[in-house]
Amino acid sequence: MKIKVGHGIDIHQLKSGEDFYLGGVKIESDIGIVGHSDGDVVIHAVVDAILGALSKGDIGTFFPSSDPSIKGVSSKVFLRKALDIMIDNKYKINNIDINVVLQKPQLSSYIYSIRKNLSSLIGIDIETISVKATTTDYLGFIGKGEGIMSTATLLLIKDHES
Ligand code: ZN
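Residue positions within a chain follow its written sequence, with the count starting from 1. In view of the model being predicted, local features appear only for residues whose pLDDT reaches at least 70, and side-chain atom pairs are presented and counted only at 80 or more, with totals across whole chains, interfaces and linings using the full set of residues. Water and hydrogen atoms were dropped before computing side-chain values, which therefore reflect all heavy atoms in the structure.

J.: I'm lost on the coordination of the zinc ion in this one. Help?
T.: Working reference: metal with six octahedral donors, ideal angles 90 or 180 degrees; metal with four tetrahedral donors, ideal angle 109.5 degrees. Distances decide who is a donor: an N, O or S atom must be within 2.8 Å of the metal, or within 3.2 Å for Na, K and Ca. Water is not included, so sites may look incomplete. Ligation of the zinc ion by protein atoms is provided by D10 (OD), H12 (NE2) and H44 (ND1), these donors lying 2.0 to 2.1 Å from the ion. Donor residues for the zinc ion sit on one chain with the sequence pattern D-x1-H-x31-H. In terms of burial, D10 and H12 fall into one category: buried. Remark: exposure states derive from per-residue accessible area (1.4 Å probe, protein chains only) relative to the maximum for the residue type, with buried under 20%, exposed over 50%, and partly exposed in between.

Below you can see the structure in the form of structure tokens.
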């Protein structure tokens, strides 16, 4: 069996008056994520993990932030592109483990929705997607509520059916 591990990491600034999407799910909050796109750090980390596993560069390779056409675009577009590249290379996702690091808001009530939404966007079973959230105990820029980070680790396996 051919397997490939991938890891992605993404950090964005948080600011009031911005939208807040994680894994394509809208988070109700008085602060939101600053970004050229919708700033969905979870999807960006997953995209980088897929591209990383395949040694195909990173999100900026395909969607440079200097490109005005990606302004405000849904990160689902980036995910679709990474999945298409993965399918072209005849791999499929075995499982994903995601961490979100932020001080607030509390994400516990959103974890299931994020897993469910990623499951339908990617087309894999919800049980193969793990989403965890943690804080930095008020330390650093994340602890001060100035930023949010997400990491994603995933395993790709050769898809013999494709
Ligand atoms: Zn990003």
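J.: I'm lost on the packing of aromatic side chains in this one. Help?
T.: For any two aromatic rings, the description comes down to two numbers: the centre-to-centre distance and the angle of the planes. Side-chain rings of Phe, Tyr and Trp (the six-membered ring for Trp) are treated as a pair once their centres are within 6.5 Å; stacked means planes under 30 degrees apart, edge-to-face means over 60, and tilted covers the remaining angles. Scanning the entire structure with this criterion turns up one aromatic pair. Definition used: whenever NZ (Lys) or CZ (Arg) falls within 6 Å of the ring centre and also within 35 degrees of the ring normal, the charge is taken to sit over that ring. Here the basic side chain of K26 rests over the ring of Y21, its NZ or CZ set 5.6 Å away from the ring centre.

J.: How should I be thinking about the sheet that holds strand β4 (residues 31–33) in this particular structure?
T.: Think of a sheet as strands paired side by side through backbone hydrogen bonds, with each pair either parallel or antiparallel. Across the sheet, five strands lie side by side as β4-β1-β7-β5-β6; this open sheet has mixed pairing. The open sheet has two edge strands with one neighbour each: β4 and β6 (129–134). Strand-to-strand, the axes of this sheet are offset by a mean angle of 25 degrees, without reference to chain direction. Running at roughly 155 degrees to strand β1 (residues 3–16), helix α1 (residues 41–53) makes contact with β1, β4, β5 (91–101) and β7 (147–158) of the sheet. Against the sheet, helix α3 (residues 76–88) contacts β5 and β7, and its axis sits at roughly 150 degrees relative to β5. In this scheme, strands are said to pair when DSSP sees at least two bridges between them. In DSSP terms, a helix is any run of H or I states spanning at least four residues, a strand is any run of E spanning at least two, and both are numbered starting from the N terminus. A fitted line through C-alpha atoms serves as each axis, taken over the contacting stretch for helices, and the angle formed by two N-to-C directions is quoted from 0 to 180°. Throughout, a residue-residue contact means that at least one pair of heavy atoms, one from each residue, lies within 4.5 Å.

J.: So what exactly am I meant to see when it comes to α3 here?
T.: Because the α-helix completes a turn every 3.6 residues, residues three or four places apart line up on one side. For α3, built from 13 residues, the straight-helix expectation of 18 Å at 1.5 Å per residue is met to within 8% by its first-to-last C-alpha distance of 18 Å. Buried within α3 we find F78, L79, A82, L83, I85 and M86. The buried residues of α3 occupy an angular sector of 160 degrees when the element is viewed end-on, so they sit on one face. Turning to α3, the residues buried within the fold contact α1, α2 (59–62), β5, α4 (111–122) and β7. Residue count minus one, scaled by 1.5 Å, sets the expected span of a helix. Directions are taken from the helix axis to each C-beta atom, and the arc is the one they span.

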